[in-house]
Amino acid sequence: DGGITQSPKYLFRKEGQNVTLSCEQNLNHDAMYWYRQDPGQGLRLIYYSQIVNDFQKGDIAEGYSVSREKKESFPLTVTSAQKNPTAFYLCASKGQAYYGYTFGSGTRLTVV
Amino acid sequence: GQSLEQPSEVTAVEGAIVQINCTYQTSGFYGLSWYQQHDGGAPTFLSYNGLDGLEETGRFSSFLSRSDSYGYLLLQELQMKDSASYFCAVLRGGKLIFGQGTELSVKP
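Visitor: Account for the overall build of chain A, with residues named and values stated.
Guide: What chain A contains, in helices and strands, is 0 helices and 11 strands. Mapped in sequence order, the helices and strands of chain A form the string β-β-β-β-β-β-β-β-β-β-β. Compactness check: chain A gives a C-alpha radius of gyration of 13 Å against a globular reference of 13 Å for 112 residues, within 12% of the reference. In terms of overall dimensions, chain A has a C-alpha envelope of 40 × 25 × 20 Å along the principal axes.

Visitor: Help me get a handle on the state of the cysteines, residues and values and all.
Guide: What the rule picks out here adds up to 2 disulfides over all chains. Here A:Cys23 engages in a disulfide with A:Cys91; their sulfurs sit 1.9 Å apart. Since a negative S-S torsion denotes a left-handed disulfide, the A:Cys23-A:Cys91 link at about -75° is left-handed. Here the residue A:Cys23 occupies a position in strand E3 (residues 19–25), and A:Cys91 occupies one in strand E9 (residues 87–94), the gap between them amounting to 68 residues. Judged by its relative accessible area of 0%, A:Cys23 falls in the buried class. Its relative accessible area of 0% is what places A:Cys91 among the buried residues. The disulfide partner of B:Cys22 is B:Cys88, and the S-S distance across this bridge is 2.1 Å. With the S-S bond torsion at 70°, the cross-link from B:Cys22 to B:Cys88 turns out right-handed. Of this pair, B:Cys22 sits in strand E3 (residues 18–24) while B:Cys88 sits in strand E9 (residues 84–92), and the two are 66 residues apart along the sequence. Neither B:Cys22 nor B:Cys88 differs from the other in exposure class; each is buried.

Visitor: How would you sum up the interface of chain A and chain B? Please name residues and give values.
Guide: Listed by partner, the interface residues are 22 residues for chain A and 18 residues for chain B. Of the roughly 1,600 Å² buried between chain A and chain B, counting both surfaces, carbon and sulfur atoms make up 58%. Between the two partners, chain A and chain B, sit 0 salt bridges. Where chain A meets chain B, there are 4 residue pairs in polar contact (both at pLDDT 80 or more). Listed by contribution, the elements that provide at least two residues to the side of chain A that touches chain B are strand E4 (31–37), strand E5 (43–51) and E9 of chain A. Per element, the largest residue contribution to the side of chain A that touches chain B is 4 residues, and it comes from E5(A). Broken down by class, the residue content of the side of chain A that touches chain B amounts to 11 nonpolar, 8 polar and 3 charged.

Visitor: So what's going on with the nonpolar core? Which residues, and what values?
Guide: Counting residues in hydrophobic clusters, the biggest one holds 23 residues, and the most contacted among them are B:Leu4, B:Leu32, B:Trp34, B:Leu75, B:Tyr86 and B:Leu104. Where this core is concerned, the elements lending two or more residues are strand E2 (9–13), E3, strand E4 (32–37), strand E7 (60–65), strand E8 (70–75), E9 and strand E11 (102–107) of chain B. A:Met32, A:Trp34, A:Val66 and A:Leu109 belong to the second-largest nonpolar core, a separate cluster that totals 19 residues.

Visitor: Please set out the packing of aromatic side chains residue by residue, giving values where relevant.
Guide: What the rule picks out here adds up to 15 aromatic pairs over all chains. Centre to centre, the rings of A:Tyr33 and A:Tyr48 are 6.1 Å apart; their planes meet at 10°, and the pair counts as stacked. You can see A:Tyr33 sitting in strand E4 and its partner A:Tyr48 sitting in strand E5, a full 15 residues away along the chain. Each member of the pair, A:Tyr33 as well as A:Tyr48, is classed as buried. Between A:Tyr99 and B:Tyr48, the ring centres sit 3.8 Å apart and the planes meet at 15°, which makes this aromatic pair stacked. One end of the pair, A:Tyr99, is in the loop between E9 and strand E10 (102–103); the other, B:Tyr48, is in strand E5 (residues 44–49), on a second chain.

What counts as what
- Residues numbered from 1 in each chain as written.
- Chains lettered and ligands numbered in written order.
- Predicted model: local features only at pLDDT ≥ 70, side-chain atom pairs only at ≥ 80, totals over all residues.
- Heavy atoms only, no water.
- Helix = DSSP H or I, 4+ residues; strand = E, 2+ residues; numbered from the N terminus.
- Rg over C-alpha atoms; globule rule 2.2 N^0.38 Å.
- Disulfide = S-S within 2.5 Å.
- Buried < 20%, exposed > 50% of the residue type's maximum accessible area, 1.4 Å probe, protein only.
- Contact = heavy atoms within 4.5 Å.
- Buried area = accessible area lost by both parts, 1.4 Å probe.
- Salt bridge = Lys/Arg side-chain N within 4 Å of Asp/Glu carboxyl O.
- Polar contact = N/O pair within 3.5 Å; in protein donor to acceptor, adjacent residues only side chain to side chain.
- Nonpolar A, V, L, I, M, F, W, Y, C, P; charged D, E, K, R; others polar.
- Core = buried A, V, L, I, M, F, W, Y, C linked by side-chain atoms within 4.5 Å.
- Phe/Tyr/Trp six-rings, centres within 6.5 Å; stacked < 30°, edge-to-face > 60°.

This is how it looks when you write it as structure tokens:
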């Protein structure tokens, strides 16, 4: 079945560490997105990529980095510069012939 | 800039009809979408309005009026499983911008 796989489901980070969240899709979608969700809040866009080897900053890109070397993969690195990284991170993709975004099941990141 | 406003909470009883409103202050967008998210889960796409008017998909309907900068999601024959958060979102410049979400509680 086609879909988006995010891993890990839960991630714990120590202060000062960089961590990378994985996002893989087998939907053959060109566009991929990373969102951050805080408790009781909407989704805020971190980074997005519309084609391989190209990506743009979203509304809250500071302290995050991404790469898009393959169409299927769009990993997100949460760097030590992100001062408040504890949140629920959602990866999404979108095909050209469909208005809806498909979301992964998310990674819950906690700073310990 | 852009912003979307939704009520933070709505409560309704099983079998009833509920309407979740979304007003927006943005321009140049391609349409209004609605997503459902159960607690701790992934958002799932419900509907899209590219043109003014009503779109119906089973028990769910969505409406858009560009002249009024307003849309809504209508849920009929409410079921307990409809308890979730509902987000409106606009597609603009290749990005999906979300509202803060409305938490719907369905009571027996």
